[in-house]
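# Structural features, examined
Residues per chain are reported as follows:
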Amino acid sequence: MSSGTLLWYDSPAKAWTQSLPIGNGTLGAMIYGTPSKELLCLNHDELWNGKPKNTVRDGAPESFKKARDLALAGKLHEAEEEIETNFQSTWSQAYMPLGNLEIDFGFKGRIKNYKRSLDLESAVSAVEFTRAGVEYKREFFASYPSKIIAAKLTCSDKMSFEIALNSKLKSNSFVDGNMVILDGECHGENNVDNQASNKIYFDEPEMRGMRFRAVVKVITDGSTKTVENRLAVTDATEAVLFFTSETSFNGWNKHPYLEGKEYIKPCMERIASVNDYDAEKKAHLADYKELFDRVELDIGGGKEDMPTNKRLVAYKRDKSDLSLITLVYNYGRYLAISSSRKGSQPSTLQGIWNDRITPPWHSNYTVNINTEMNYWPVLMCRMPEVNLPLIEMVKELSISGEKAAMGQYGAKGWTSHHNVDLWRLSTPVAGSSQWAFWHGSSGWLCEHLFEHYEYTNDVEYLKETAYPVMKKAAEFYLDIMSEYEGKLVLAPGTSPENCFEYQGKRCNVARYSTMSMSIARELFENCIKACSILGIDSEFAAELEKTIANMADFKIGSDGQLLEFDDDYPEVEIHHRHVSHLYALHPARLITVDETPELAKACRRTLERRGDNGTGWSLGWKINFWARLLDGDHALKLIELQLRPVKSVGVNYTKGGGTYENLFDAHPPFQIDGNFGFVSGITEMLMQSYNGKIYILPALPSKWKNGKVSGLLAKGGVIVDIEWKDGKAVKYSLEGKGKFNVIVGGKATEVELKGEKVTFNA
């Protein structure tokens, strides 16, 4: 363990954003580490309100066509009113907390030598302390191989405690032998009367929601007995707890009550099969380390003798603790592994961790950046397995999205909008068109499908999975394009969550937006590449090429900035947290410093006007922007802003982002996307790749004098190691196959790789 892989604290958590997370993609827990009453806040990734339902708005295609005609005629306020009155649909459902596991020791008296920790190298959390001369230790991990959460409690003398399971959801708990069991049910609906957080339970079977069972089993050398709905353990020196849970979820398009899967029997069979703590821990370590150990970063030393929360405060004054940056980088990789594994749901706005019945933004999949940001680092950090839940969701969404395309627009293909949930909502939600009317997520999500191919070179995956979904998404954009001033545009257009001034009033809807046009252009280009690779659909590729040639291009405004909309409208909020019109710079590569320098300059000016401040995820995105502009010192400035300590209470929806004591990203409130944007941004500062090019240290900050990174993945399936001294690369290693242009310090060298690892002196 080092200062770059260990979170530790000298006091228990008093708030959820001080507690420490563990997870295996499906099950999650937040551990408080309180000596007298240990608390684990539990989650299951399938535990959502609601059920599948038709959310298409009657008469929507006619409304869309009317809004399009109004927008193209310059009647933007009228277009906005038409969309909000007759086009939009209903809210998404919400991700629910499972419940709490409480371990009550009933302690009184002084605690000494307290320490709680999370070791990122092993994904094991620990608590230790001394009371009245007796040493207590607790250890927790979440196993992916066994789909359990395990805990081991030890004592140098004898200990007694009571174990309880409870939930904020409709539920009951009881004891059966050495097990505490919790049975529960989610609300059947989260949006009664289209009110976003008005929940209700129903008695009618067709209206009922998700059911679940959770169970904790205790194995101890002490004695056990039942005390009401709790299990009491006495005179123990050791106790092992195994927890697991199952739900009735049977697929995104199956009713969780009427068509729900059997969940009680598999839950009980799983808990019966786990008995050996050491064996479970060994299997967990082997599984986790195989992923986590693939990448290693070292940019300098730090303050390992200081608790993590105090390191965070100290960093605000003294930026010399470089390994705090490494710690947050490694923490982001840990969170990715812990919240997204093969067979699980993708990570939500909060990963898999949520303690609220009414979580911020429903803790759903907000796909106008946040869900995508969750997955930015996984491929470049060589974890394609972690990407699989997102791919599965996009495949499912492409099916529900066909109904949205035809039902809302009268168009071919598939589309999705601002929010997605477990039931693969693809229609526009209610509320303001500022966020709800935006069909760019289908194209953006397809970028992730194509990048999975670019990093893995898996042609079979491209043929069978990615390209069919990409093609359908492209067909939607082709079908809804219209002509404006002799160019093809996607009208009307919005830019996520931002607005502008038009005819003296705020306006959300423009003729078209730069972001939507960029997404469609990139999707078309990726489809053309896929057609070439697969040797198919030449006529479709030709249609896409013709369309691209006739699409409206980027525009530069009066202040040298890249325009966000079709015209140089006055900005209502110049420092807005979203910078969506720079999609072409990142995550796309339509604008680059090398190939489109004037547009890159306009992007820089846009960022200067927007300012560096913002919410947590916004700061994370800006790290990536500045890395793409090859400005490492400015990217580091954003890193330093993101590491601002934030109190564990309160919210700030527009700016003031930073980091909570447990290193969760603070919007505030908590959103996990900023943690992942932090990782991808740092990775892009050290290595970038596209179109057969590999950039070594493209945006290295001047403060990172000496360091090394190993195990990164470049597009083309190339594993990259880099070492630098005095701010310059001294050597790098590449392992893969194919021909690549490697750029170091602005100098390009052509390299042919034949599978073996090759080391080059820079």
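Refer to the preceding data block for the structure.
Since we're looking at a predicted model, the values are computed, not measured.

Conventions used here
- Residues numbered from 1 in each chain as written.
- Predicted model: local features only at pLDDT ≥ 70, side-chain atom pairs only at ≥ 80, totals over all residues.
- Heavy atoms only, no water.
- Helix = DSSP H or I, 4+ residues; strand = E, 2+ residues; numbered from the N terminus.
- Rg over C-alpha atoms; globule rule 2.2 N^0.38 Å.
- Buried < 20%, exposed > 50% of the residue type's maximum accessible area, 1.4 Å probe, protein only.
- Polar contact = N/O pair within 3.5 Å; in protein donor to acceptor, adjacent residues only side chain to side chain.
- Contact = heavy atoms within 4.5 Å.
- Expected span 1.5 Å × (residues − 1).
- Salt bridge = Lys/Arg side-chain N within 4 Å of Asp/Glu carboxyl O.
- Axes fitted to C-alpha atoms, helices over the stretch in contact; angles between N-to-C directions.
- Parallel < 35°, antiparallel > 145°, perpendicular 65-115°, else oblique.
- Nonpolar A, V, L, I, M, F, W, Y, C, P; charged D, E, K, R; others polar.
- Phe/Tyr/Trp six-rings, centres within 6.5 Å; stacked < 30°, edge-to-face > 60°.
- Core = buried A, V, L, I, M, F, W, Y, C linked by side-chain atoms within 4.5 Å.
- Left-handed = near helix turned anticlockwise from the far one by under 90°.
- Pairing = 2+ DSSP bridges.

## Structural notes on the overall build of the chain
Helix and strand content of the chain: 18 helices and 29 strands. Expected size for 762 residues packed as a compact globule is a radius of gyration near 27 Å; at 26 Å, the chain falls within 12% of this value. Principal-axis analysis of the C-alpha atoms places the extent of the chain at approximately 85 × 70 × 50 Å. Burial analysis of the chain (762 residues in total) assigns 64% to the buried set.

## Details of the side chain of arginine 294
Tracing the backbone shows arginine 294 in the loop between helix H4 (277-292) and strand E15 (296-298). A distance of 2.7 Å separates a polar side-chain atom of arginine 294 from the backbone oxygen of arginine 382. Beyond its immediate chain neighbours, meaning those up to four positions away, arginine 294 contacts Arg382, Met383, Pro384, Glu385, Ser710 and Gly711.

## Here's the deal with helix H13 (residues 514-534)
For an α-helix, the turn length of 3.6 residues means that residues three or four places apart are oriented alike. In this model H13 runs 30 Å from its N-terminal to its C-terminal C-alpha over 21 residues, within 8% of the 30 Å that 1.5 Å per residue would give. Within H13, 17 of the 21 residues are buried, leaving the element largely enclosed by the surrounding structure. Trailing H13 by a residue or two, glycine 535 shows a phi angle of about 65°, which is positive.

## Remarks on the pattern of salt bridges
Counted under the stated rule, the structure contains 41 salt bridges. A salt bridge links aspartate 559 to arginine 609, with the shortest nitrogen-to-oxygen separation between them at 2.8 Å. Of this pair, aspartate 559 sits in the loop between helix H14 (538-550) and helix H15 (597-610) while arginine 609 sits in helix H15, and the two are 50 residues apart along the sequence. Exposure remark for aspartate 559: the relative accessible area of 31% places this residue in the partly exposed category. Residue classification places arginine 609 among the buried residues on the basis of a relative accessible area of 18%. Across the pair arginine 610 and glutamate 571 runs a salt bridge, and its minimum N-O distance is 2.8 Å.

## Focus on the packing of helix H1 (residues 60-72) against helix H9 (residues 384-409)
Their axes nearest at 5 Å, the elements H1 and H9 cross at an angle of 65°. By the angle between their axes, H1 is roughly perpendicular relative to H9. Counting all contacts with H1, which are made through Ala60, Pro61, Phe64 and Lys65, the residues of H9 involved are Met406, Gly407, Gln408 and Tyr409. Partitioning the contact of H1 with H9 into residue classes produces five nonpolar, two polar and one charged.

## With respect to the packing of aromatic side chains
According to the stated counting rule, one finds 37 aromatic pairs in the structure shown. Consider the rings of tryptophan 48 and tyrosine 365, whose centres lie 5.6 Å apart with planes at 25°: the pair is stacked. With tryptophan 48 in the loop between strand E4 (37-44) and H1 and tyrosine 365 in strand E16 (residues 365-366), this residue pair connects regions lying 317 residues apart in the sequence. Relative to phenylalanine 565, the ring of phenylalanine 500 lies with its centre 4.7 Å away and its plane at 50°, an arrangement referred to as tilted. Note that phenylalanine 500 is positioned in strand E20 (residues 500-502) and phenylalanine 565 in the loop between H14 and H15, a separation of 65 residues in sequence.

## A few points about unusual backbone geometry
At the junction of alanine 491 and proline 492, the peptide bond is cis and its omega measures out at -10° in the coordinates. Tracing the sequence through the fold places proline 492 in the loop between strand E19 (487-489) and E20. Residue proline 587 is reached from histidine 586 by a cis peptide bond, and omega for that bond is 15°. On the secondary structure map, proline 587 appears in the loop between H14 and H15. Here glutamate 485, not a glycine, exhibits a phi torsion of approximately 50°, which is positive. By secondary structure assignment, the location of glutamate 485 is in the loop between strand E18 (482-484) and E19. For glutamate 485, a relative accessible area of 63% puts it in the exposed group. The phi angle at aspartate 726 is positive, at roughly 50°, despite the residue not being glycine. Residue placement: aspartate 726 occurs in the loop between strand E27 (718-725) and strand E28 (728-744).

## Structural notes on the nonpolar core
Leu241, Ile325, Phe524, Ile639, Ile682, Ile696 and Trp704 are the most contacted members of the largest nonpolar core, which has 228 residues in total. When residues of this core are assigned to their parent elements, the largest contribution, twelve residues, is made by helix H12 (residues 459-480). Filtering out sequence-adjacent residues up to four positions away, isoleucine 696 remains in contact with Leu686, Val720, Ile722, Ala729, Tyr732, Val742, Ile743 and Val744. The next biggest cluster of nonpolar side chains, apart from the first, holds 14 residues, and it includes Val124, Ile148, Ala150 and Ile271.

## Quick word on the packing of helix H11 (residues 441-456) against H12
Packing of H11 against H12 brings their axes to within 9 Å, and their N-to-C directions diverge by 160°. Here H12 runs roughly antiparallel to H11, going by the angle between their axes. Once H11 is placed against H12, the crossing between them reads as left-handed. Taking contact as the criterion, the partners of Ser441, Ser442, Gly443, Cys446, Leu449, Phe450, His452 and Tyr453 in H11 are, on H12, Val459, Tyr461, Leu462, Ala466, Val469, Met470, Ala473 and Tyr477. Each residue belonging to the contact of H11 with H12 can be placed in one class, and the counts come to twelve nonpolar, four polar and no charged.

## So, the environment of asparagine 387
In this structure, asparagine 387 sits in helix H9. A residue is classified by how much of its surface remains accessible, and asparagine 387, at 0% relative accessible area, is buried. The spacing of asparagine 387 and lysine 75 is 312 residues in sequence and 42 Å in space, taken between C-alpha atoms. Ignoring anything within four residues of it in the chain, the contact list for asparagine 387 reads Tyr375, Val378, Leu379, His448 and His452.

## Some points on the pairing of strand E14 (residues 230-247)
In terms of burial, E14 is a largely internal element, 13 of the 18 residues being buried. Taken together, the five bridges between strand E13 (residues 223-227) and E14 define a ladder with antiparallel strand orientation. The partner of valine 227 across the bridge, within E14, is arginine 230. Counting the residues in the hairpin turn of E13 and E14 gives two residues, including glutamate 228, whose phi is positive at 55°.

## Some points on H1
Here H1 is 13 residues long and its end C-alpha atoms lie 18 Å apart, about the 18 Å a rise of 1.5 Å per residue gives. Within H1, burial applies to Ala60, Pro61, Ser63, Phe64, Ala67, Arg68, Leu70 and Ala71. On its buried side, H1 packs onto helix H2 (76-86), H9, H12 and E18. Looking at the residues trailing H1, positive phi occurs at glycine 74, about 85°.

## Thoughts on the environment of tyrosine 409
Within the secondary structure layout, tyrosine 409 lies in helix H9. Residue classification places tyrosine 409 among the buried positions, given a relative accessible area of 2%. Linking tyrosine 409 and aspartate 665, residues 256 residues apart in sequence, is a C-alpha distance of 37 Å.

## Points about the environment of threonine 348
Looking at the secondary structure, you find threonine 348 in the loop between helix H6 (322-339) and E16. Judged by its relative accessible area of 2%, threonine 348 falls in the buried class. Taking the C-alpha atoms as reference points, threonine 348 and leucine 258, separated by 90 residues in sequence, lie 26 Å from one another.

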